[in-house]
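Here's the letter readout for the chains.
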Amino acid sequence: MAKPHVVVIPYPAQSHVIATMELSQRLVQHGIRVTFVNTDFNHKLVTSNSLDKESFGDLMQMVSIPDGLEPWEDRSDLCKLTLSIMQTMPHKLEELIEKINKEEGSKVSCVFADDCIGWAIKVAKKMGIRRAAFWPASVATLASMLSFQKLIDDGIINENGETYMIDYI
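Residues numbered from 1 in each chain as written. Predicted model: local features only at pLDDT ≥ 70, side-chain atom pairs only at ≥ 80, totals over all residues. Heavy atoms only, no water.

A count of helices and strands for the chain gives 5 helices and 5 strands. The secondary structure elements of the chain, listed N-terminal to C-terminal, are β-α-β-α-β-α-β-α-β-α. Counting over 169 residues, the chain shows a buried share of 37%. A sequence separation of at least 24 residues applies to 60% of the contacts in the chain between residues at least 6 apart. A total accessible area of about 10800 Å² is found for the chain, and carbon and sulfur atoms account for 56% of it. (Helix = DSSP H or I, 4+ residues; strand = E, 2+ residues; numbered from the N terminus. Buried < 20%, exposed > 50% of the residue type's maximum accessible area, 1.4 Å probe, protein only. Contact = heavy atoms within 4.5 Å. Areas by Shrake-Rupley, 256 points an atom, 1.4 Å probe, with all protein chains shown as cover.)

In structure tokens form, the structure reads like this:
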């Protein structure tokens, strides 16, 4: 039986990459084969830093796909970067998974995607691959985000996030 093979893909921001890299390292420690997908830009930064590749053997592979921006373009403009990613990376991820699946004994069994790039979950679903979203930030942030609609429904805040007048005791 072949080892499970997961594709892990973070949103291309430092804290997201670090958290998903740590997840990947834990998966490898449990004998799971990981293909870690970065943008071309971040891949150069990550692979230029010292990473103890020897301790992962052949279980961890670092690959990259383009984010759609030219090398000189400003990646600190998150709106521009996110739009470019959404237009470019889904197709490139699909191509990468197809390439991996053609290799002997290397079929992708699951895609772990940063929750900020839901398109990767859609790609996995389209390809019939199991998928999981990973939230790299604090649980308090996630709980807050998941509670916004209830706060609106309960009349605590409005759709703009403004609080209503509350009577204090």
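Taking burial as the measure, the 7 residues of strand E2 (residues 33-39) include 6 buried ones, the bulk of the element. Bridge count for strand E1 (residues 5-9) against E2 is 4 bridges, and the pairing is parallel. In the sheet register, valine 6 faces E2, and the bridge partner there is valine 34. In the classification by handedness, the crossover that spans E1, the intervening helix H1 (residues 14-29) and the parallel E2 is right-handed. Relative to strand E3 (residues 60-65), E2 runs parallel, the two sharing 6 bridges. Residue pairing in the sheet places valine 37 in a bridge with valine 63 of E3. (Pairing = 2+ DSSP bridges. Right-handed = clockwise from strand over helix to strand, strands pointing away.)

Another aspect to go through is the pairing of strand E5 (residues 130-134). Taken together, the 5 bridges between strand E4 (residues 110-114) and E5 define a ladder with parallel strand orientation. Bridged to valine 111 within E5 is arginine 131. For the segment spanning E4, helix H4 (residues 118-126) and E5, crossover handedness is right-handed.

Judged by pairing direction, the sheet is parallel, and its 5 strands sit side by side in the order E3-E2-E1-E4-E5 without closing on themselves. In the strand order of this sheet, the two ends are held by E3 and E5, each with one partner. Each neighbouring strand pair of the sheet contributes to a mean axis angle of 20°, computed without reference to strand direction. For E1 and E4, the ladder comprises 4 bridges, and the chain directions are parallel. By the bridge assignment, valine 8 is partnered in E4 with phenylalanine 112. Against the sheet, helix H3 (residues 78-102) touches E1, E2, E3 and E4, its axis set at about 160° to E1. Each of E1, E4 and E5 touches H4; the most contacted strand, E5, lies at about 170° to it. (Axes fitted to C-alpha atoms, helices over the stretch in contact; angles between N-to-C directions.)

So, about H4. Inspection of H4 places Trp119, Ala120, Val123 and Ala124 among the buried residues, and these make up the whole buried set. Buried residues of H4 fall within an arc of 145° about the axis and therefore sit on the same side. Counted as exposed and oriented over 90 degrees from the buried face of H4: Lys122, Lys125 and Lys126. Elements that come into contact with the buried residues of H4 comprise E1, H3, E4 and E5. Glycine 128 lies just past H4 and shows a positive phi near 75°. (Arc of directions from axis to C-beta.)

In this approach, a probe sized like a water molecule rolls over the atoms, and the result shows the empty space that is left. The volume enclosed by the second largest pocket comes to roughly 150 Å³. Considered class by class, the residues forming the lining of the second largest pocket number 4 nonpolar, no polar and 5 charged. (1 Å grid on protein atoms, 1.4 Å probe; cavity = no way out; pocket = protein on both sides within 12 Å on 5 of 7 lines; lining within 4 Å. Points joined across faces, edges and corners; volume = space filled by probe spheres on them. Nonpolar A, V, L, I, M, F, W, Y, C, P; charged D, E, K, R; others polar.)

Interpretation note: all reported values are geometric properties and have no functional meaning in isolation.
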